[in-house]
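Understanding the architecture of this molecule
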Amino acid sequence: MTNQYYVAVVGAGPAGLFGARELANQGVRVALFNRDIKPGGLAEYGIYPAKHTMKDGLRKQFRQTMELPNLDYYGYVSVGTQGDLTLDELRAFGFDAILITAGAQGTKSLGLPGEELEGVYHAKDVVYFYNHLPPYSMKPFRFGKRCAIIGAGNVMVDIARHLINTQKAEEVTAVVRRGPTEVNFTKDEMKHLIAYMDMQEFEREMARVLPVQQAIGQDPEIGRHKILDALAKADPKTDNAVFKFDFLASPVGMLGENGQLTKMEIEENILTERDGKTSAKGTGRKRLIDVDTVIFAIGDKVDDTFGLPVEWNEFVKSREPRFPVDGLSYESTEEGVFVGGWSRKASDGLVGYARKDGINAAKAVWGYLQTKQAGDPDLAALDAKLKSLGKPVILKESITKLEEVENEEAQKRGLEEFKFDSNDEMLKAMGLNVMA
Ligand SMILES: Cc1cc2nc3c(=O)[nH]c(=O)nc-3n(C[C@H](O)[C@H](O)[C@H](O)COP(=O)(O)OP(=O)(O)OC[C@H]3O[C@@H](n4cnc5c(N)ncnc54)[C@H](O)[C@@H]3O)c2cc1C
Ligand SMILES: NC(=O)c1ccc[n+]([C@@H]2O[C@H](COP(=O)([O-])OP(=O)(O)OC[C@H]3O[C@@H](n4cnc5c(N)ncnc54)[C@H](OP(=O)(O)O)[C@@H]3O)[C@@H](O)[C@H]2O)c1
């Protein structure tokens, strides 16, 4: 039984799907709008492709949510000032509340000279590419033999794996602005990469950065453990490549020939420490490294074309929330508009965290709904708008069909998984008119 409330949820990643389920379980009717044809967000299009068990487990849970009778799925519909619907239009349909769980789709660009060169990319675009999300799946990337990745998080590790195992890079360097103590990847991820690390080179690098660590009283063993603990369960080497770290280094510019990247300029850093927080500080000393490809894996920000105010890479939240959950604000500065998951805090945490955050956001929405009478949404206007988009809107039945076709295709090809690379192929597989 549904009650009279009708809530729009924007974004069907883990936060949106688990948030939608929470609301639907309260009897709320949910309209779930999603930019991509398929639901899942980064669980489908970010998590490393080889993690089949994890991805399948999540898909199973997402499917159960999609099957809820009081959940309407509108896939291939983006919301935003440059989307298919604006936030104002969505509001005008008369939803009782709107929950934004659209992830962190903006790019944290450092504005360095040469960023436009061919061979310079941002992590999200690359992970969307190798996870077959259109249109990234169809874009040309120039992955060369010598690659650098900026950052020392789990995304850096995933991308290094891809560059070595799939793109057959010969040398991958993680360029890290702070030192070994501050790396942020987990040993469960590093175990997939560590066999490629040249241990002599690693020891040389540790010795090089030691004086800087000592200058702020750091114990070098902490960083050594953070990195080398992965050795105990290291995956065997299957490719002929070297992975290394370049610590205390910040990119300051990219150089190229004929529009193609050839070198990256780096500034060397020292460390400073204040109130227990370590920061990198440029020394002014610069050097060049030879590279064919540079990928920024430094986290993302929310989409600032969405239609909500943005500050410090995030949508602005009400500082005095009326419906806080666990002391956190899920309320945007606009009446009835809530944020959850990576749309609340960009690039923060694992799927389990996004799930919890989506549920908490839904709890905040539920608290808000209790303060108001249900409205009378103009479903005819919504339907007319969706029909006017000039493209098919994907309903949940079509997702079931697409999954069947892709599973059959995987079996035929003897693959663990098969995904179409273009929206047109997906639409055809669902029996929908590409030009509808
Ligand atoms: C490369 C990478 C690998 C990861 N690997 C792991 C892992 O192995 N294990 C793990 O636990 N966690 C992993 N994570 C973290 C995990 O993916 C995130 O915690 C989680 O997906 C965030 O969920 P979300 O729903 O907030 O956002 P997302 O997953 O980003 O979902 C956002 C959804 O919103 C939709 N959307 C975007 N913009 C719009 C719009 N304008 N209108 C409508 N819809 C929109 C998108 O289509 C998408 O479906 C990884 C993250 C990355 C980046
Ligand atoms: N397999 C998995 O479980 C998996 C895989 C991928 C992602 N994830 C999760 O997804 C989230 C995001 O991952 P992430 O790797 O993007 O984030 P992250 O762990 O925060 O790492 C970002 C890295 O970029 C660096 N950085 C940030 N700004 C920079 C700048 N301006 N210049 C140079 N370097 C900069 C950071 O350095 P500082 O530390 O100095 O800021 C850090 O090393 C994390 O919670 C992660 O665990 C999980």
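The text that follows walks through the structure, step by step, so that each part is easy to find. Keep in mind that what you see is a predicted model, and the values were worked out from it rather than measured.

**As for the overall build of the protein**
Secondary structure summary: the protein contains 13 helices and 17 strands in total. Compactness check: the protein gives a C-alpha radius of gyration of 23 Å against a globular reference of 22 Å for 436 residues, within 12% of the reference. Taken over the C-alpha atoms alone, the protein extends approximately 65 × 55 × 45 Å along its principal axes. Buried residues in the protein amount to 52% of all 436 residues. For the protein, long-range pairs separated by at least 24 residues make up 73% of all intrachain contacts whose partners lie at least 6 apart in sequence. With the model as given, the accessible surface of the protein reaches about 19,900 Å², and the carbon-plus-sulfur share is 49%. Where the 55 positive side-chain charges of the protein centre and where its 64 negative ones centre are 2 Å apart.

**Some details on the site of ligand 2**
Residues in contact with ligand 2 amount to 21 residues; listed here are only the nearest, Lys51, Arg177, Arg178, Asn184 and Glu189. In this structure, Ala297 approaches ligand 2 through a main-chain N or O atom, which is 3.4 Å from an oxygen atom. At 2.9 Å, a backbone N or O of Gly349 approaches an oxygen atom of ligand 2. Protein coverage of the free-state accessible area of ligand 2, which is 920 Å², stands at 79%. Top contributing element to the shell around ligand 2 by residue count: helix H6 (residues 154-165), with 3 residues. The residue inventory of the shell around ligand 2, partitioned by class, reads 8 nonpolar, 7 polar and 6 charged.

**Details of the nonpolar core**
Residues Val7, Val9, Leu23, Ile37, Phe338, Val365 and Leu369 are the most contacted members of the largest nonpolar core, which totals 51 residues. The element best represented in this core is helix H10 (residues 351-369), accounting for 8 residues. Those residues in contact with Ile37 that lie beyond four places of it in its chain are Tyr73, Gly75, Tyr76, Ile394, Ile399, Leu402, Asn423, Met426, Leu427 and Met430. Of all hydrophobic cores here, the second largest spans 43 residues; its members include Ile149, Ala174, Val176 and Phe247.

**Some thoughts on the site of ligand 1**
The environment of ligand 1 is made up of 32 residues, and the closest members are Asn34, Asp36, Lys51, Val79 and Trp342. Asp36 places a polar side-chain atom, nitrogen or oxygen, 2.7 Å from an oxygen atom of ligand 1. Val351 has a polar backbone atom sitting 3.0 Å from an oxygen atom of ligand 1. The residue makeup of the shell around ligand 1, split by class, is 17 nonpolar, 11 polar and 4 charged.

**Overview of the packing of aromatic side chains**
Per the stated rule, a full pass over the model turns up 19 aromatic pairs. A centroid spacing of 6.3 Å and a plane angle of 85° characterise the contact between Tyr5 and Trp366, whose relative ring orientation is edge-to-face. Taken as a pair, Tyr5 in the segment before strand S1 (6-10) and Trp366 in helix H10 lie far apart in primary sequence, 361 residues in all. An aromatic cluster of three or more residues is present, and its members are Tyr6, Phe33, Tyr74 and Phe95.

**Observations concerning the packing of helix H5 (residues 123-130) against H6**
At their nearest, the axes of H5 and H6 sit 11 Å apart, and the two run at 50° to each other. Between H5 and H6, the angle is such that the two are oblique. Remark: the crossing between H5 and H6 carries left-handed chirality. Judged by residue contacts, Ala123, Val127, Phe129 and Tyr130 of H5 engage Val155, Asp158, Ile159 and His162 from H6. The residue makeup of the contact of H5 with H6, split by class, is 6 nonpolar, 1 polar and 1 charged.

**A look at the pairing of S1**
In terms of burial, S1 is a largely internal element, 5 of the 5 residues being buried. Along S1, one buried face is formed by Tyr6, Ala8 and Val10 and the opposite face, lined by Val7 and Val9, is buried too. Two strands pair when backbone bridges link them, and S1 and strand S2 (residues 29-34) are joined in this way by 5 bridges, in the parallel orientation. The residue of S2 that forms the bridge with Val10 is Phe33. In this fold, the crossover linking S1 to S2 by way of helix H1 (residues 14-25) has right-handed handedness. When S1 meets strand S4 (residues 97-100), the two strands line up parallel, connected through 4 bridges. Across the sheet, the residue bridging to Val9 is Leu99, located in S4.

**Comments concerning the environment of Glu257**
Topologically, Glu257 is positioned in strand S10 (residues 249-257). The exposed category is assigned to Glu257, whose relative accessible area is 54%. For the pair Glu257 and Gln370, spaced 113 residues apart in sequence, the C-alpha to C-alpha distance is 61 Å.

Rules used in this analysis
- Residues numbered from 1 in each chain as written.
- Chains lettered and ligands numbered in written order.
- Predicted model: local features only at pLDDT ≥ 70, side-chain atom pairs only at ≥ 80, totals over all residues.
- Heavy atoms only, no water.
- Helix = DSSP H or I, 4+ residues; strand = E, 2+ residues; numbered from the N terminus.
- Rg over C-alpha atoms; globule rule 2.2 N^0.38 Å.
- Buried < 20%, exposed > 50% of the residue type's maximum accessible area, 1.4 Å probe, protein only.
- Contact = heavy atoms within 4.5 Å.
- Areas by Shrake-Rupley, 256 points an atom, 1.4 Å probe, with all protein chains shown as cover.
- Lys, Arg positive; Asp, Glu negative; His and termini not counted.
- Charge placed at Lys NZ, Arg CZ, Asp CG, Glu CD.
- Near = heavy atom within 4 Å.
- Polar contact = N/O pair within 3.5 Å; in protein donor to acceptor, adjacent residues only side chain to side chain.
- Nonpolar A, V, L, I, M, F, W, Y, C, P; charged D, E, K, R; others polar.
- Core = buried A, V, L, I, M, F, W, Y, C linked by side-chain atoms within 4.5 Å.
- Phe/Tyr/Trp six-rings, centres within 6.5 Å; stacked < 30°, edge-to-face > 60°.
- Axes fitted to C-alpha atoms, helices over the stretch in contact; angles between N-to-C directions.
- Parallel < 35°, antiparallel > 145°, perpendicular 65-115°, else oblique.
- Left-handed = near helix turned anticlockwise from the far one by under 90°.
- Pairing = 2+ DSSP bridges.
- Right-handed = clockwise from strand over helix to strand, strands pointing away.

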